[in-house]
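Here are the chains, one letter per residue:
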Amino acid sequence: MTAPVYRDRPFLRWLRDNSWRHLLLWCAVAFALFPILFVISAALNPLGTLSSSHLVPTGASLDNARELFATTPFGAWYVNSIVLAVCNAAVTVFLSALAAYAFSRFRFTGRRIGLLGILLIQMFPQFLAIVAIYLMFATVTDYWPPIGFDTRWGLLLVYLGGALSVNTWLMKGFFDTIPMELDESAKVDGATHAQAFFRIMLPLVTPVLAIVGLLVFINTINEFLLATVFLRDPEAKTVALGLYSLVADERNANFGLFAVGTLLIALPTMAVFWFLQRYIVEGLTSGAVKG
Amino acid sequence: MARNTVTGARSGAPAPTSHVRGEPTTSLLGLVVKIGALGLAAALAVWAAFPLIEAANWVGVGIVAAVTALIFYVYLSPRHVPLKYLLPGTLLLIAFQILPVLYTVSTSVTNFGDGHRGDKEQAIAAIEAYSVVRTPDSPQYTLTVAADGAPDTGDLVFLLTAADGTVYAGDADGLTPLDPDDLTREASGKIVDAEGYTVLTTAQINERSDEIADFAVPTGDGTGIRSSGLSMAYEGQATRTYQEDCDCIVDSVTGVTYTADNVNGSFVSDDGQRLLQGWRVNVGFDNFLRFVTDPATGASFLSILAWNIGFAAGTTLLVFVVGLGLALLMHTRTPLRGRTLYRILLVLPYAMPSFAMLLLWRDMFNTDFGLINRVLGLDVNWLGNAWTARGSILLVNTWLGFPYMFLVATGALQSIPRELEQAARIDGAGAWQAFRHVTLPLLMIAMTPILVSTFAFNFNNFNAIWLTTAGGPFSPDNPLAGATDLLITYTFRLAFGGQGAQYGFASAVSVLIFLIVALLSLISLRQSRSLEEVNR
């Protein structure tokens, strides 16, 4: 956090301020990227085995990609993953924002317990709660097959059970930085609490909504444990499950396919990040807080 | 309405004035949305109620009706404004998080697990069915072994084709006839495909052959169906039968009597032999005590706990330092050149599927052909030595986790007005002082809950350990507890490896882990200012 030294010439000033930042950032980028480079090189490796893969691509062949689509229902897995992730991100952001508004703007009995509760409940080791969820959904499948096992909607419901989580805290923290005067003046002008929320608050907190949306999207794409229990039909699987089944037995032989799938599922996440980037960057609050 | 008022009491801000310019007016759009949403809720309730009514499940109907009534009350009454915002998320939270946790807690005081699954009647039916012997006139079936669910873990099901061509599905509860339209079968009577079941391949059958040999389908009074080889099954007469008067099982061939032990949930003979099939009973706190008093587990408990805390705290600290550091590097007054590209590249590790990358890192640490040794020209057995394994895992976990912290820190930094730091600088504070005393405290208010939840997540980060070292390396003098074992991986091995699933015991350990994590988290939240935020 070096302060700009104004008497210096522009170039020196830039150097003093930012070149060390770029240097450190390049180190971080190298650390972040070298395992990914290995995946890319493995995906392009014509032999498609683990032991023949190197850090730098040894060849450029699309055989692995072709084989992945020919031998597995990868397209169906992909659609499942994307639909689940988009729906879960959208609904979670909405539910979580509603709750964060209540926690930030109202004082009511149970507020403290509620806030602590949603943080603490997440700490319960999940792999056993899954036994309970399995038994619960065995019954649900009998009564309501459209939201039972092997359906996206049942799995989505379970994911939404975690909508109020640490993300709600994240949002509440951001909501707290929006001055109370803004929604109060709206109320003085005759707005209802709902209008204050949708018209005043939501536009101001877009950055945090974008961040939470991105986090939930990524977590859903990666989610593994619950999906194993839910999606048993090969066609209903998500990419995470499908890829795991590829390398569960024969990791060496299927490594090329695995690498291609890993890269393909990283693409939508990148796209979402790119799309939300401007919200995250712009930080709409800096303008509002001053007002 | 006193307790529901909007507070204006933040740091001396004026209390809300009365509505001078007019009462709140609901817009037409708001009204339409509200009616639409409530109509949808009602429609869903009706849809959910029909199958319940059909099955005469009145408790279920009652729950649906109560929840629907609650929804209508909350949204139609002008009171309980905060509840209007909290209800949807809370209902889902109760159904899919709180209830499963309560179920786990209730399981932790039972002996639920393999051999103790159902009630006593089911245990008796299983014992009788298991003891059947073939008689000359035993009916024969063509057998297809299937599973309800995943081929390797789903409950076994025998698909049985009788001599007259009828197909039954036989599970631990008995026989159910199957609709021929849902089946594909060969001329021999073998089933190729059945709706709702997974037909096992020969390899999968071999994998579970012990289980299949022990499996029996109860078919009524003293009879049952067992497999004979892998493609035939027979229905026979039970040699072991339950006698009500002595509450015992009598074996008609050997003459041994197995008396019911209602405390432990199994049948035991006079010389201490225990029948395999027992039932579920309440065992109180035995499961909790077992972890501490059992000499096999008690000794490792403390060392595992210490590494577990070190692993979670170390990961949290590393990802926080790296993530916040990077966010600060890019938090410049004038936009840093190429910062969009930096952001995209830095967040890439988080975009990669984590389980896949864990497997990949394990291979990169491989001694013989791993990338790390090849690139560095070393020959280190990274995951084979206790401390290098621990270091490697921390490195991998930092790689996986720092982008999240980077994103969150970026968001949190943006919510802090720059004027505050500028004011401190004008007052003569150095860059570090301004950060240390102005920015960081404000940042910590938003970050502490995130850090606490990162800590809690990593405390139980099963995948990070299981997919890389699987708890190892193991020292020769203690083959049960590895150097990188977390409580959760250790429990998993104890409870589900070797002698079959022990849900009761595993649940008890889950509850213990939860108490430890919750306690540590509450302490650290209390240390920070985050809880004051809550109380404000």
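Residues numbered from 1 in each chain as written. Chains lettered and ligands numbered in written order. Predicted model: local features only at pLDDT ≥ 70, side-chain atom pairs only at ≥ 80, totals over all residues.

Remarks on the overall build of chain B
Each helix and strand counted, chain B has 18 helices and 17 strands in total. By the compact-globule yardstick of 24 Å for 536 residues, chain B is too spread out, its C-alpha radius of gyration being 31 Å. Judged by the C-alpha coordinates and their principal axes, chain B covers about 100 × 70 × 50 Å. Sequence separation of at least 24 residues holds for 60% of the intrachain contacts in chain B that already meet a minimum separation of 6. (Helix = DSSP H or I, 4+ residues; strand = E, 2+ residues; numbered from the N terminus. Rg over C-alpha atoms; globule rule 2.2 N^0.38 Å. Contact = placed C-beta atoms within 7 Å.)

Observations regarding the overall build of chain A
Tallying secondary structure elements over chain A gives 14 helices and zero strands in all. Ordered by position from the N terminus, the helices and strands of chain A form the series α-α-α-α-α-α-α-α-α-α-α-α-α-α. Taking as baseline every contact in chain A between residues at least 6 positions apart, the subset at least 24 positions apart corresponds to 70%.

A closer look at the interface of chain A and chain B
Taken together, the 97 residues of chain A in the interface contact 103 residues of chain B. For the side of chain A that touches chain B, the element with the highest residue contribution is helix H1 (residues 10–44) of chain A, accounting for 12 residues.

Details of the pairing of strand E13 (residues 248–251) of chain B
Residue and element names in this part refer to chain B. Direction of pairing for strand E12 (residues 240–243) relative to E13: antiparallel, over a ladder of four bridges. In the sheet register, threonine 241 faces E13, and the bridge partner there is valine 250. Between E12 and E13, which pair antiparallel one after the other, the connecting turn spans four residues, and aspartate 247 there sits at a positive phi close to 50°. Note that E13 and strand E14 (residues 257–261) share three bridges and pair antiparallel. Across the sheet, residue cysteine 248 finds its bridge partner in E14, namely threonine 259. The turn joining E13 and E14, which pair antiparallel and follow one another in sequence, is formed by five residues; a positive phi near 80° is taken by glycine 255. (Pairing = 2+ DSSP bridges.)

Some points on the sheet that holds strand E15 (residues 266–269) of chain B
All names here are of chain B. With antiparallel pairing, four strands are arranged side by side in an open sheet as E12-E13-E14-E15. One side of each edge strand has no neighbouring strand; the edge strands of this open sheet are E12 and E15. On average, each strand axis in the sheet is tilted by 30° relative to the strand beside it, whichever way the strands run. (Axes fitted to C-alpha atoms, helices over the stretch in contact; angles between N-to-C directions.)

Some details on the packing of helix H12 (residues 386–415) of chain B against helix H14 (residues 431–459) of chain B
Residue and element names in this part refer to chain B. Running from N to C, H12 and H14 point in directions that differ by 160°, and their axes come no closer than 10 Å. By the angle between their directions, the pair H12 and H14 is classed as roughly antiparallel. Viewed along their axes, H12 and H14 form a crossing whose handedness is right-handed. When H12 is examined against H14, the residues Asn397, Val408, Ala409, Ala412, Leu413 and Ser415 are found in contact with a partner set consisting of Leu443, Ala446, Met447, Ile450 and Asn458. (Parallel < 35°, antiparallel > 145°, perpendicular 65-115°, else oblique. Left-handed = near helix turned anticlockwise from the far one by under 90°.)

Here's the deal with the confidence of the model for chain A
Residues and elements named next belong to chain A. Residues at a pLDDT of 70 or more form 86% of chain A, whose mean pLDDT is 81. Within chain A, the element-level pLDDT minimum falls on helix H14 (residues 285–290), averaging 34, and the maximum on helix H3 (residues 74–105), averaging 93. Taken as a whole, residues 1–6 scores under 50 in pLDDT and shows 12 contacts with residues more than four places along the chain or in a different chain. Scored below 50 in pLDDT, residues 283–291 shows 16 contacts in the model against residues more than four places distant or in partner chains. (pLDDT = per-residue confidence, 0-100.)

Quick notes on the UniProt feature "transmembrane region" (unreviewed entry) in chain B
In the numbering used here, UniProt assigns the feature "transmembrane region" (unreviewed entry) to residues 28–50, 56–76, 83–103, 305–329, 341–361, 392–413, 434–457 and 503–523 of chain B. For the annotated span residues 56–76 of chain B, helix accounts for 90% and strand for 0% of the residues, and the straight-line distance between the end C-alpha atoms is 30 Å. (UniProt positions renumbered as here; feature names shortened; annotations may be inferred.)

Let's talk about the domain arrangement of chain B
Reports of interface size often rely on the accessible area that becomes lost once the parts have come together. The domains assigned to chain B are domain 1 (30–107), domain 2 (132–238) and domain 3 (294–535). Each of domain 1 of chain B and domain 3 of chain B has a C-alpha centre, and the two are 37 Å apart. (Domains from an automatic or database assignment.)

As for the environment of B:Pro473
All names here are of chain B. Examined against the element boundaries, proline 473 turns out to sit in the loop between helix H15 (462–466) and strand E16 (474–475). Once the C-alpha coordinates of proline 473 and arginine 390 are considered, the two residues, 83 residues apart in sequence, prove to be 9.8 Å apart. Setting aside anything within four residues of it in sequence, one finds proline 473 in contact with Leu383, Gly384, Asn385, Ala386, Ala389, Gly482 and Ala483.

A word on the environment of B:Leu143
Residues and elements named next belong to chain B. Assignment of secondary structure puts leucine 143 in strand E2 (residues 140–148). Spatially, the C-alpha atom of leucine 143 lies 4.5 Å from that of serine 231, the residues being 88 residues apart in sequence. Leucine 143 has contacts with Phe158, Leu160, Ser227, Ser231, Met232 and Ala233, leaving out every residue within four places of it along the chain.

What about unusual backbone geometry?
We note that A:Asp150 has phi near 65°; this positive angle belongs to a residue other than glycine. Its location among the elements puts A:Asp150 in the loop between helix H5 (126–143) and helix H6 (152–160). Judged by the 17 C-beta atoms lying within 10 Å of it, A:Asp150 falls in the partly exposed class. Although it is not a glycine, B:Ala56 adopts a positive phi angle of roughly 55°. Residue position: B:Ala56 is located in the loop between helix H1 (28–54) and helix H2 (58–76). Residue classification places B:Ala56 among the exposed positions, given that 8 C-beta atoms sit within 10 Å. (Buried ≥ 20, exposed ≤ 12 C-beta atoms within 10 Å, placed from the backbone.)

Quick notes on the UniProt feature "transmembrane region" (unreviewed entry) in chain A
Residue and element names in this part refer to chain A. In the numbering used here, UniProt assigns the feature "transmembrane region" (unreviewed entry) to residues 23–44, 77–103, 115–137, 157–175, 196–218 and 255–276. Between the C-alpha atoms that bound residues 157–175 there is a distance of 26 Å. The span itself is 74% helix and 0% strand. Between the C-alpha atoms that bound residues 196–218 there is a distance of 30 Å. The span itself is 96% helix and 0% strand.

So, H1(B)
Owing to its 3.6 residues per turn, the α-helix aligns residues three or four sequence positions apart on the same side. Residue and element names in this part refer to chain B. When the terminal C-alpha atoms of H1 are compared, their 39 Å separation across 27 residues agrees well with the 39 Å that a helix rising 1.5 Å per residue should span. Burial runs low along H1: only zero of the 27 residues are buried. A positive backbone phi angle near 55° is found at alanine 56, which sits one or two residues after H1. (Expected span 1.5 Å × (residues − 1).)

Comments concerning the pairing of strand E7 (residues 191–194) of chain B
Residue and element names in this part refer to chain B. By the bridge criterion, three bridges tie strand E6 (residues 183–185) to E7 in an arrangement that is antiparallel. Bridged to threonine 184 within E7 is aspartate 193. Hairpin connection, E6 to E7: the antiparallel pair is bridged by five residues, and glycine 189 has positive phi, about 100°.

Digging into the packing of H3(A) against helix H3 (residues 81–107) of chain B
Where H3(A) contacts H3(B), the axes come no closer than 8 Å and their chain directions differ by 145°. At the point where H3(A) passes H3(B), the crossing takes the left-handed sense. From H3(A), A:Leu95, A:Ser96, A:Leu98, A:Ala99, A:Tyr101 and A:Ala102 reach across to H3(B), where they touch B:Pro82, B:Tyr85, B:Leu86, B:Pro88 and B:Gly89. Counted by class, the contact of H3(A) with H3(B) contains nine nonpolar, two polar and no charged residues. (Nonpolar A, V, L, I, M, F, W, Y, C, P; charged D, E, K, R; others polar.)

A look at the confidence of the model for chain B
Residue and element names in this part refer to chain B. Per-residue pLDDT for chain B has a mean of 81; in total, 92% of the residues score no lower than 70. Predicted confidence in chain B is weakest over helix H18 (residues 530–535), with a mean pLDDT of 57, and strongest over H2, with 91. The model gives residues 1–22 a pLDDT under 50, and that stretch makes 30 contacts with residues more than four places away or in other chains. Interface predicted TM-score (ipTM) for the complex: 0.83; the corresponding pTM is 0.77.

Some points on the environment of B:Lys34
As for its position among the elements, B:Lys34 is in helix H1. For the pair B:Lys34 and B:Tyr75, spaced 41 residues apart in sequence, the C-alpha separation works out to 8.2 Å.

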